[in-house]
Amino acid sequence: MTETTWTLNLLGCWQLRRLGQPVRVGIRQRRLITAIALLGPRPRTAIAGLLWPDSNDNQAGASMRVALWHVAHELPGLLVDVEDPLTLGPTVAVDLHILQHSLTYADGEPVPLEELRTGELLPGWYEDWVIDEQERFRHLRVTALDRAAERALAAGDAETAETAAMAAVNLEPLRESSMILLVRAELAAGNINGAQRSYRRFRSLWQDTFDQEPSFQLGQLMRSELRARVSALAAS
């Protein structure tokens with residue numbers, strides 16, 4: 001197994017570490033490293049066009065050569081080499097890749113809820129190529145959180161289910177499947193008032209956005225639980 005020399009954090013604050021120690025990286029090199037980490041191996045010309053879209057080919061190529069020179073001399077081993085395709089070296093660990101791998105291959109293992117709740121990809125980066133990856137990662141997070149809530153409900157762990165579903169709703173407030181899971185988790189925890197508040201907020205947001213009622217499934221879930229609650233009180 002290759003020993004990790006470089007650790008690149010893309011979740012939360014961008015940071016590069018060498019053998020555990022933070023390394024200062026210029027903005028030009030930072031963007032280059034990030035593009036390769038997010039998009040995988042790419043030809044130099046493709047990365048140059050991506051990072052300097054308003055420059056002509058000669059200008060973009062010159063900017064690329066400067067960035068590659070600094071990476072090669074200041075961060076040795078971070079890239080395999082400076083020829084095509086550009087790719088990260090084998091001793092580089094990227095937190096995004098580690099999390100994605102755990103979600104893809106660790107079926108049945110505990111889901112890293114805290115990382116999914118807080119692990120925003122490159123906050124404050126607004127370039128189109130980054131925004132596309134941010135949206136893709138947000139969808140991955142929501143899907144994983146929904147799955148974690150479903151598993152927790154099946155295991156009778158209402159608290160974990162509520163945590164996961166609430167995180168999914170915060171990421172995608174209009175995702176009805178996540179809201180259904182949140183309401184189910186709150187009902188499973190005996191938090192009827194919380195479930196009603198969540199439902200009312202979602203219903204109001206849905207009506208304001210789409211000018212219609214949310215699905216029958218969510219409303220039926222609330223009505224069924226309220227009927228069961230009234231019946232239980234009457235029988236007591």
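Here, every reference points to the structure presented above.
How each quantity is defined
Residues numbered from 1 in each chain as written. Predicted model: local features only at pLDDT ≥ 70, side-chain atom pairs only at ≥ 80, totals over all residues. Heavy atoms only, no water. Helix = DSSP H or I, 4+ residues; strand = E, 2+ residues; numbered from the N terminus. Buried < 20%, exposed > 50% of the residue type's maximum accessible area, 1.4 Å probe, protein only. Contact = heavy atoms within 4.5 Å. Lys, Arg positive; Asp, Glu negative; His and termini not counted. Charge placed at Lys NZ, Arg CZ, Asp CG, Glu CD. Phe/Tyr/Trp six-rings, centres within 6.5 Å; stacked < 30°, edge-to-face > 60°. Lys NZ or Arg CZ within 6 Å of the ring centre and 35° of its normal. Axes fitted to C-alpha atoms, helices over the stretch in contact; angles between N-to-C directions. Parallel < 35°, antiparallel > 145°, perpendicular 65-115°, else oblique. Left-handed = near helix turned anticlockwise from the far one by under 90°. Nonpolar A, V, L, I, M, F, W, Y, C, P; charged D, E, K, R; others polar. Salt bridge = Lys/Arg side-chain N within 4 Å of Asp/Glu carboxyl O. Pairing = 2+ DSSP bridges. Core = buried A, V, L, I, M, F, W, Y, C linked by side-chain atoms within 4.5 Å.

S.K.: Explanation requested: the overall build of the protein chain in the structure shown.
M.R.: In terms of helices and strands, the protein chain carries 10 helices and four strands. Across the protein chain, helices and strands are ordered from the amino to the carboxyl terminus as β-β-β-α-α-α-β-α-α-α-α-α-α-α. Each of the three principal axes of the protein chain carries a C-alpha extent, and together these read 80 × 45 × 25 Å. Counting across all 236 residues of the protein chain, residues that qualify as buried make up 39%. For the protein chain, contacts bridging at least 24 residues in sequence account for 58% of all contacts bridging at least 6. The protein chain carries 24 positive and 30 negative side-chain charges, and their two centres are separated by 3 Å.

S.K.: How should I be thinking about the packing of aromatic side chains in this particular structure?
M.R.: Ring pairs (aromatic) are described by centroid distance and by the angle formed between their planes. Overall, the coordinates contain two aromatic pairs when judged by the stated rule. Ring centres of phenylalanine 202 and tryptophan 206 lie 5.5 Å apart, and the angle between their planes is 40°; on these two criteria the pair is classed as tilted. In this pair, phenylalanine 202 and tryptophan 206 both sit in helix H9 (residues 192-210), four residues apart, roughly one turn of the helix. Phenylalanine 202 gets classed as buried once you look at its relative accessible area, which sits at 2%. Relative accessible area serves as the criterion here: at 12%, tryptophan 206 is assigned to the buried category. Positioned above the aromatic ring of tryptophan 6, the side-chain terminus of arginine 18 is 5.7 Å from the ring centre. Over the ring of tryptophan 52 we find arginine 31, and its NZ or CZ is 5.9 Å from the ring centre.

S.K.: Just to check I follow, could you spell out the packing of helix H6 (residues 128-154) against helix H7 (residues 158-171) for this structure?
M.R.: The packing of two helices is summarised by the inter-axis angle and the distance between the axes. The contact between H6 and H7 brings their axes to 8 Å, and the two run at 155°. One element, H6, and the other, H7, form an angle in the roughly antiparallel class. In the crossing of H6 with H7, the sense of the turn from one axis to the other is left-handed. Where H6 approaches H7, its residues Arg138, Arg141, Val142, Leu145, Asp146, Ala148, Ala149, Ala152 and Leu153 are matched on the opposing element by Thr160, Ala161, Ala164, Ala165, Ala167, Ala168 and Leu171. In terms of residue class, the contact of H6 with H7 is made up of 12 nonpolar, one polar and three charged.

S.K.: Is there a simple way to think about the pattern of salt bridges in this case?
M.R.: Two side chains that carry opposite charge are able to pair once their charged atoms sit near each other. Enumeration over the complete set of coordinates arrives at seven salt bridges. Across the pair arginine 136 and glutamate 133 runs a salt bridge, and its minimum N-O distance is 2.5 Å. Of this pair, arginine 136 and glutamate 133 are both found in helix H6, three residues apart, which corresponds to roughly one turn of the helix. The partner of glutamate 135 in a salt bridge is arginine 138, and the shortest N-O contact between them spans 2.4 Å. Residue glutamate 135 and its partner arginine 138 are both found in helix H6; the two are separated by three residues, about one turn of the helix.

S.K.: What's the story with the pairing of strand S2 (residues 15-18) in this structure? I'm lost.
M.R.: Both faces of the sheet carry side chains from a regular strand, because those side chains alternate between them. Where strand S1 (residues 6-9) lies against S2, four bridges are found, and the strand directions are antiparallel. When the sheet's bridge partners are listed, tryptophan 6 is paired in S2 with arginine 18. Remark: five residues form the turn of the hairpin made by S1 and S2, two consecutive strands paired antiparallel; glycine 12 in that turn has positive phi of roughly 80°. Both S2 and strand S3 (residues 21-23) contribute to a ladder of three bridges, which runs antiparallel. When the bridges of S3 are listed, arginine 17 appears paired with proline 22. Taking the residues between adjacent antiparallel strands as the criterion, S2 and S3 are bridged by two residues, where leucine 19 takes a positive phi near 50°.

S.K.: I'm lost on the nonpolar core in this one. Help?
M.R.: It is characteristic of soluble globular proteins that their nonpolar side chains tend to be buried jointly. With 67 residues, the main nonpolar core has Leu10, Trp14, Leu32 and Ile33 as its most contacted residues. Ranked by residues supplied to this core, first place goes to H6 with 10 residues. Setting aside chain neighbours within four positions, we find leucine 32 in contact with Ile47, Leu51, Met64, Ala67, Leu68, Val71 and Leu86.

S.K.: Would you mind going over unusual backbone geometry with me for this structure?
M.R.: Peptide bonds are trans in most cases, and residues, glycine excluded, mostly fall at negative phi. Notably, leucine 19 is not glycine yet its phi reads approximately 50°, a positive angle. In this fold, leucine 19 is placed in the loop between S2 and S3. A relative accessible area of 56% means that leucine 19 is categorised as exposed. Positive phi values are uncommon outside glycine, yet leucine 122 reaches one of about 45°.

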